[in-house]
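Letter by letter, the chains look like this.
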Amino acid sequence: MANQRKGILSVPVQMVAGLVLGALFGMFVPAIATKLSFLSAMFAHAIKMVVMPLILLSVTVGTFRAGAQRGRLGRTAVLSIAFFVVATFVAAALGLGLNFLFHPGVGASMTETASMPKNLAGGVDWMQFVVDLIPANVVSALAAGNSVPVLVFGVLLGAALAAVQDKAGPLVAVLDSMLAALFKLTDWVVAFSPVAIFATLAGLLASKGTSALTPLLKLLGVAYLGMAILAILLTLIVKATGLSARAVVKHVSEPLILAFTTRSSEITFPLHLKKLTEMGVPQPIASTILPLSYIFNRDGAVLYTALAVGYLADVYHLTWNWPLVFTIVVLTTIMIDGAANVPSGAVVAITVILAAIGLPAEAVLLILGVDAFFDMGRTALNVYASTVATAFALRVSGEPLQPALERSDRSQALASLRGNA
């Protein structure tokens with residue numbers, strides 16, 4: 001590992017350096033910065049090459065290994081889903097509450113900042129959402145990057161292997177070996193991440209420019225304040241599980257930085273799963289709860305959506321009342337999860353909620369042009385929320401942190417996690 005070699009900066013430090021240099025490059029030499037997008041595109045392709053097979057294999061092997069303790073894993077999954085619902089509702093309420101406190105939309109400009117994405121869905125077809133949970137062709141689902149049906153298939157395959165455990169050994173050994181190889185491949189890809197972070201942020205600031213933020217600076221400030229408050233609440237939950245919040249954050253710092261810069265949970269997932277298993281989280285829990293959390297526990301996106309809808313309601317001088325508040329909170333809680341597999345899902349969720357409260361869908365164009373700057377914080381918060389959800393699942397499962405056998409630095413991480421924050 002880089003952080004073990006004398007004289008070589010650790011990967012998190014390299015990532016931060018890439019972030020800072022990318023920001024400076026994008027602001028001061030934008031003409032060159034815009035030509036570096038191929039570096040971030042290469043990195044994204046490399047991660048996407050890994051992520052879907054990793055979801056399938058990790059969920060399959062994790063479910064198989066949990067076969068001997070089905071009752072415990074089932075209870076853990078149910079309690080984790082309950083945690084997702086509560087955390088999502090709290091995030092929505094916090095976003096709307098901050099809008100009431102600061103009202104960043106009062107007197108705001110009604111100038112459009114972008115155009116609507118092409119072929120934007122008009123909403124979420126819930127019947128089709130349920131049908132699509134079962135993949136008609138798992139290879140097609142893998143190729144299309146549809147994580148929800150791949151997750152379902154992995155759970156079913158793992159459960160079936162557990163049911164024929166006496167015959168499943170050879171195949172599970174192969175899957176386990178492939179999973180280990182994918183983790184090693186993830187290491188190689190992540191080694192390139194500081195360069196990708198540099199190119200991504202340089203391109204973002206070169207194309208958007210900091211001047212684009214000025215009209216929406218108040219909304220941006222309130223959004224990041226809300227994210228900070230929610231991060232503190234999540235940290236208190238980590239402490240309540242008996243883990244050291246400082247050690248947990250330090251251990252997942254790489255996926256957090258990667259999420260903030262690339263604005264993609266999909267890109268972050270392989271590294272995040274690897275870090276949690278290295279931290280000592282049992283594989284059945286990490287492999288089952290983390291993918292579920294990535295899909296159904298997007299607290300940062302929920303907080304921002306509620307805040308954005310409240311902001312646009314103030315821009316259009318909508319009269320506030322309790323039915324309106326209830327509608328926004330409930331629809332935000334539901335829509336973000338339902339739009340998980342829909343292209344431009346966050347935009348679809350906001351437009352559906354806007355239509356439900358009597359505002360034009362085009363109102364989203366007032367904030368869409370600078371959405372990337374909001375997306376950085378909310379994606380990082382989504383990843384942190386998934387870390388906390390996994391810690392919660394570990395706590396309710398009654399499973400101890402498992403000592404890692406492959407690398408000595410894992411046992412050091414284990415010791416630090418058991419320390420005080």
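Treat the numbers as computed from the prediction; the structure is a model and nothing was measured.

Caption draft 1: View of the nonpolar core. Among the nonpolar cores identified, the biggest contains 126 residues, and Met15, Leu54, Phe269, Leu354 and Ile367 are the most heavily contacted of them. Among residues more than four places away in sequence, those in contact with Leu354 are Val309, Leu312, Leu359, Pro360, Ala361, Ala363 and Val364.

Caption draft 2: Spotlight on helix 19 (residues 371-397). For helix 19, which comprises 27 residues, the first-to-last C-alpha distance of 38 Å matches the rise-based estimate of 39 Å (1.5 Å per residue) to within 8%. Of all 27 residues in helix 19, 25 are buried, a share of seventy percent or more. With its phi angle positive at about 80 degrees, Gly398 sits one or two positions after the end of helix 19.

Caption draft 3: Looking closely at the packing of aromatic side chains. The final tally for this structure, using the stated rule, is six aromatic pairs. Seen from their ring centres, Phe100 and Trp320 are 4.8 Å apart, and the 90 degrees between their planes marks the pair as edge-to-face. Of this pair, Phe100 sits in helix 4 (residues 70-102) while Trp320 sits in the loop between helix 15 (299-315) and helix 16 (322-338), and the two are 220 residues apart along the sequence. Residue class for Phe100 comes out partly exposed when judged on its relative accessible area of 31%. For Trp320, a relative accessible area of 22% corresponds to the partly exposed category.

Caption draft 4: Geometry of the packing of helix 3 (residues 37-65) against helix 8 (residues 165-190). Look at helix 3 against helix 8: their axes get within 9 Å of each other, and the N-to-C directions meet at 150 degrees. Relative to helix 8, helix 3 is oriented roughly antiparallel. The element helix 3 and its partner helix 8 pack so that their crossing is left-handed. Its residues assigned to classes, the contact of helix 3 with helix 8 comprises 19 nonpolar, four polar and two charged.

Caption draft 5: How the structure looks around a nonpolar patch on the surface. Where nonpolar side chains cluster on the molecular surface, the patch consists of Val86, Val90, Leu101, Phe102, Leu225, Ile229, Ile232, Leu233 and Leu236 and spans about 770 Å² of accessible area. Put simply, the parts of the chain that give the nonpolar patch at least two residues each are helix 4 and helix 10 (217-240). Take the nonpolar patch: its biggest share by element is five residues, from helix 10. Relative to the helices and strands, Leu225 resides in helix 10. Of the residues examined, Leu225 reaches a relative accessible area of 36% and is grouped as partly exposed.

Scoring rules and cut-offs
Residues numbered from 1 in each chain as written. Predicted model: local features only at pLDDT ≥ 70, side-chain atom pairs only at ≥ 80, totals over all residues. Heavy atoms only, no water. Core = buried A, V, L, I, M, F, W, Y, C linked by side-chain atoms within 4.5 Å. Buried < 20%, exposed > 50% of the residue type's maximum accessible area, 1.4 Å probe, protein only. Contact = heavy atoms within 4.5 Å. Helix = DSSP H or I, 4+ residues; strand = E, 2+ residues; numbered from the N terminus. Expected span 1.5 Å × (residues − 1). Phe/Tyr/Trp six-rings, centres within 6.5 Å; stacked < 30°, edge-to-face > 60°. Axes fitted to C-alpha atoms, helices over the stretch in contact; angles between N-to-C directions. Parallel < 35°, antiparallel > 145°, perpendicular 65-115°, else oblique. Left-handed = near helix turned anticlockwise from the far one by under 90°. Nonpolar A, V, L, I, M, F, W, Y, C, P; charged D, E, K, R; others polar. Patch = residues over 30% accessible without salt bridge, like charges linked within 9 Å, V, L, I, M, F, W, Y side chains within 5 Å. Areas by Shrake-Rupley, 256 points an atom, 1.4 Å probe, with all protein chains shown as cover. Salt bridge = Lys/Arg side-chain N within 4 Å of Asp/Glu carboxyl O.

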